[in-house]
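Descriptive structure summary
Listed below, chain by chain, are the residues.
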Amino acid sequence: MKSWRAFDAPPGGQVLTDLLPENLPEYADRLAEETTVNGRGMTEYDLPAATDERTSLLIRRCLAYVAARLHGSQEHFDDTAVKSYVSFSLADTDEALLTSNVTFCTPLPDVRPYIPDLERVTDAAVAKISAEDCSDLS
């Protein structure tokens, strides 16, 4: 299972250590580092193209990943501060297949929100998920 690393300066964010690049670049702030390191497009090449089949499989895959990582963070840090953002949108291709991205970040009082007006996003479906939200998924 992937493990987490906290930033040195409290309060700090959290990054999945298995996702850290070999040469860690400079980031503008903790939020940029967290979301860049922790963010991933979910693998979906093996899923059927038919929307009615693809959608539920992709959602389940994302939720399983999110639940495992959030519970791992909770176990490692004994808190539930880290949140996951899962987005679903249609790919900008001729097929316009449903795709998804998942990232994790820690809301901090001195750092802007990852998606400032989440309710106003219109080009994707986005869910902000906490470890508490996943209690029935594991």
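This one's a predicted model, so the numbers in the text were calculated from it and none came from an experiment.

A short note on the overall build of the protein chain
For the protein chain, the count of helices and strands is two helices and six strands. Order of helices (α) and strands (β) in the protein chain, N terminus to C terminus: β-β-α-β-α-β-β-β. Long-range pairs, those at least 24 residues apart, make up 54% of the contacts in the protein chain with a sequence separation of at least 6.

Focus: unusual backbone geometry
Its identity as a non-glycine residue notwithstanding, Ala96 has a phi of 50°, on the positive side. Relative to the assigned elements, Ala96 resides in the loop between β4 (83-90) and β5 (98-105).

With respect to the sheet that holds β4
With respect to topology, four strands assemble into an open sheet ordered β3-β5-β4-β6, the strand pairing being antiparallel. With partners counted over all chains shown, the strands left at the sheet margins are β3 (40-41) and β6 (125-129), one partner each. Two strands pair when backbone bridges link them, and β4 and β5 are joined in this way by eight bridges, in the antiparallel orientation. Directly across from Leu90, in β5, lies its bridge partner Leu98. Against the sheet, helix α1 (residues 30-38) contacts β3 and β5, and its axis sits at roughly 135° relative to β5. With respect to the sheet, helix α2 (residues 51-77) is in contact with β4, β5 and β6, its orientation differing from that of β5 by roughly 10°.

Observations regarding the environment of Thr103
Structurally, Thr103 is set in strand β5. Take Thr103: its relative accessible area is 4%, and that puts it in the buried class. In sequence terms Thr103 and Glu34 are 69 residues apart; their C-alpha atoms lie 8.1 Å from each other. Ignoring sequence-local partners within four residues, the contact set of Thr103 consists of Glu34, Thr35, Asn38, Gly39, Lys83, Ser84, Tyr85 and Tyr114.

Side note on the side chain of Ser130
Locating Ser130 in the fold gives a position in the segment after β6. Beyond its immediate sequence surroundings of up to four residues, Ser130 is in contact with Leu70 and Lys83.

Quick notes on the packing of aromatic side chains
Taken as a whole and assessed by the stated rule, the structure comprises two aromatic pairs. Relative to Tyr114, the ring of Tyr85 has its centre 4.9 Å away and its plane inclined at 65°; by these criteria the two rings are edge-to-face. Pair noted here: Tyr85 is in strand β4 and Tyr114 is in the loop between β5 and β6, with a separation of 29 residues, a long-range link. Residue classification places Tyr85 among the buried positions, given a relative accessible area of 7%. On the accessibility criterion, Tyr114 (29% relative accessible area) is partly exposed.

Cut-offs applied
- Residues numbered from 1 in each chain as written.
- Predicted model: local features only at pLDDT ≥ 70, side-chain atom pairs only at ≥ 80, totals over all residues.
- Heavy atoms only, no water.
- Helix = DSSP H or I, 4+ residues; strand = E, 2+ residues; numbered from the N terminus.
- Contact = heavy atoms within 4.5 Å.
- Pairing = 2+ DSSP bridges.
- Axes fitted to C-alpha atoms, helices over the stretch in contact; angles between N-to-C directions.
- Buried < 20%, exposed > 50% of the residue type's maximum accessible area, 1.4 Å probe, protein only.
- Phe/Tyr/Trp six-rings, centres within 6.5 Å; stacked < 30°, edge-to-face > 60°.

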